[in-house]
Amino acid sequence: MSLSRYGFIIKGPDLELFKHHGRIKSDGFDIAVAGVRTLEEAVMAAQEMLTRRIELIELCGGFSAEEEAQIREAIQDHVPLGRVSYRPEDQGRVDWP
């Protein structure tokens, strides 16, 4: 089965779940994007994405491995969950708030 419904959660200090969200949709591609400030908002965003039949969720690199595990547990590993990561030589160039 090929996937066509994606979710992406972005974390930033001035993002608000109920204000910063959107969707890009075409005939063969559908992505829901949510901006969040906290882990709690990320959990809510991921759970809400499941109600939209999202088939895969990705987290931006601002999330830690521990936060990823907590989100995975909150959605009961219902869909694949991934997290953006950077090569060690690039990690120092990324300044996460």
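Refer to the structure printed above.
Here the structure is a predicted model, which is why all the values come from computation and not from measurement.

Calculation rules
Residues numbered from 1 in each chain as written. Predicted model: local features only at pLDDT ≥ 70, side-chain atom pairs only at ≥ 80, totals over all residues. Heavy atoms only, no water. Helix = DSSP H or I, 4+ residues; strand = E, 2+ residues; numbered from the N terminus. Buried < 20%, exposed > 50% of the residue type's maximum accessible area, 1.4 Å probe, protein only. Expected span 1.5 Å × (residues − 1). Contact = heavy atoms within 4.5 Å. Pairing = 2+ DSSP bridges. Phe/Tyr/Trp six-rings, centres within 6.5 Å; stacked < 30°, edge-to-face > 60°. Lys NZ or Arg CZ within 6 Å of the ring centre and 35° of its normal.

Draft legend 1. Spatial organisation of unusual backbone geometry. Phi is positive for Q76, close to 55°, though the residue is something other than glycine. With respect to the element layout, Q76 can be found in the loop between α2 (65-74) and β5 (81-83). By relative accessible area, Q76 is classed as exposed at 69%. A positive phi angle is found at D77, which is not glycine, with a value near 50°.

Draft legend 2. Representation of helix α1 (residues 39-51) within the structure. Look at α1: 19 Å from first C-alpha to last across 13 residues, which is about the 18 Å you get at 1.5 Å a residue. Within α1, the full set of buried residues consists of L39, E41, A42, V43, A45, A46 and M49. Lining the buried residues of α1 we find β1 (5-11), β3 (30-36), β4 (56-59) and α2.

Draft legend 3. Here's a closer look at the pairing of β3. Burial runs high along β3: six of the seven residues are buried. Pairing geometry for β1 and β3, over seven bridges, is parallel. The residue bridging I10 from the neighbouring strand is G35, located in β3. By the bridge criterion, five bridges tie strand β2 (residues 21-25) to β3 in an arrangement that is antiparallel. When the sheet's bridge partners are listed, R23 is paired in β3 with A32.

Draft legend 4. Just the packing of aromatic side chains, in detail. Across all of its chains, the model carries one aromatic pair by this definition. The ring of F63 has K11 sitting right over it, with the charged end atom 5.3 Å from the ring centre.

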